[in-house]
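Reading the structure
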Amino acid sequence: MRVISGYLKGRNILGYNIPGTRPTMDRVKESMFASIQDYIDNSTVLDLFCGTGSLGIEALSMGSNKCYFVDNGKEILKYLNKNIDNLNIKDKSIVINKDYKDALLYFKNNNIKFNIVLVDAPYKMEVMEEVIELVTKYDLLLDNGILVLEYSFDKLKDKYNNLELLKSKKYSDKYVNIYLKIIIN
């Protein structure tokens, strides 16, 4: 697995073959990041269920200022930390070893907000609506921030509170939905 764009383009990402991981296919990742490229420059990103960090690393490579990587898999976090070290992005990376619910509450309690939240939960883990609910309830997106969901089984709506579906695309057995936080006056 490699970084597909930005200043780290072509660099290897370790850990794609770990049992239980399901890395985003390059064509899906390429299309996803083409859709959100206008939001990336100087952004603060959350890579929830980050695994080896492929999505967050891609965002950093394309110009994000900082990425919070969240996962609770001890083995996978070893690979994530190796990737961060190998790519020399430690100064832009914050690794949090927590369950997604605990991590989202931690961000709320510490007033940490994001321009971009990337969510690629483990296969068959139907948590997208819960993640959407917590992100909106805790107000974790900055105004005009985006929530990017990669999923297979969840049934999602076009609107959740102040989030509106910006784009939806199907790739084989996967979907990618991009929601925009709208400003409500």
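Structure: see above.
Just so it is clear, the structure is predicted and the values come from calculations on it, not from any experiment.

To continue, consider the overall build of the protein chain. Per the secondary structure count, the protein chain includes 5 helices and 8 strands. Listed N to C, the secondary structure of the protein chain is α-β-α-β-α-β-α-β-α-β-β-β-β in terms of helices and strands. Seen along its three principal axes, the alpha-carbon backbone of the protein chain occupies a region of about 45 × 40 × 30 Å. When each of the 185 residues of the protein chain is scored for burial, the buried share is 49%. Look at the contacts in the protein chain between residues 6 or more apart in sequence, and 66% of them connect residues 24 or more apart. Of the roughly 9100 Å² of accessible surface on the protein chain, a fraction of 45% belongs to carbon and sulfur atoms. For the protein chain, the centre of its 26 positive side-chain charges and the centre of its 24 negative side-chain charges are spaced 3 Å apart.

What follows is about the environment of Gly-6. Tracing the sequence through the fold places Gly-6 in the segment before helix 1 (26–40). Note on Gly-6: relative accessible area 40%, which makes it partly exposed. Measuring from C-alpha to C-alpha, the distance between Gly-6 and Ser-61 comes to 4.7 Å, with 55 residues separating the pair along the chain. Excluding its chain neighbours within four sequence positions, the residues that come into contact with Gly-6 are Ser-61 and Met-62.

Now for the sheet that holds strand 8 (residues 174–181). As summarised here, the arrangement of the 8 strands in space is 3-2-1-4-5-8-7-6, forming an open sheet in which the pairing is mixed. Only two strands of the sheet have a single partner each, and these edge strands are strand 3 (93–97) and strand 6 (159–160). Sheet topology places strand 5 (residues 141–151) next to strand 8; 6 bridges connect them, and they run antiparallel. If you follow Glu-150 over to strand 8, its bridge partner there is Val-176. Helix-sheet contacts for helix 2 (residues 54–61) involve strand 1 (44–48), strand 2 (66–71), strand 3 and strand 4 (114–119), and the interaxial angle to strand 2 is about 180 degrees. Contacting strand 2 and strand 3, helix 3 (residues 74–86) crosses the sheet at an angle of about 170 degrees to strand 3.

Let's shift gears to helix 3. Between its first and last C-alpha atoms helix 3 spans 19 Å; for 13 residues at 1.5 Å apiece the expected length is 18 Å, and the two agree. When we look at burial in helix 3, the residues that qualify are Ile-76, Leu-77, Leu-80, Asn-83 and Ile-84. Taken down its axis, helix 3 places every buried residue within 115 degrees of arc, on the same side. Structurally, helix 3 contributes buried residues whose contacts are with helix 2, strand 2 and strand 3. Of the residues one or two after helix 3, Asn-88 is the one with positive phi, at around 55 degrees.

Parameters and conventions
- Sequence order as written defines the numbering, with residues in each chain counted from 1.
- With pLDDT at 70 or above as the cut-off, local features in this predicted model cover only qualifying residues; side-chain atom pairs require 80 or more to be listed or tallied, and sums for whole chains, interfaces and linings still use all residues.
- Side-chain numbers here rest on the full set of heavy atoms in the structure, without hydrogens or water.
- Runs of H or I in DSSP of at least four residues are treated as helices and runs of E of at least two as strands, each being numbered from the N terminus.
- Residue exposure (1.4 Å probe, protein chains only): buried if accessible area is under 20% of the type maximum, exposed if over 50%, otherwise partly exposed.
- We call two residues contacting when some pair of their heavy atoms lies within 4.5 Å.
- Per-residue and other accessible areas follow the Shrake-Rupley method at a 1.4 Å probe size, with only the shown protein chains counted as cover for residues.
- Neither His nor the chain ends is counted toward charge; the positive residues are Lys and Arg and the negative residues Asp and Glu.
- By convention, charge coordinates are those of NZ in Lys, CZ in Arg, CG in Asp, or CD in Glu.
- Strand pairing is assigned whenever DSSP detects at least two bridges linking the two strands.
- Inter-axis angles, ranging from 0 to 180 degrees, are taken between N-to-C directions of lines fitted to C-alpha atoms, where helices are fitted over the stretch in contact.
- In this scheme, a helix's expected span is set at 1.5 Å multiplied by one less than its residue total.
- Taking the helix axis as origin, the arc is that swept by the directions to the C-beta atoms.

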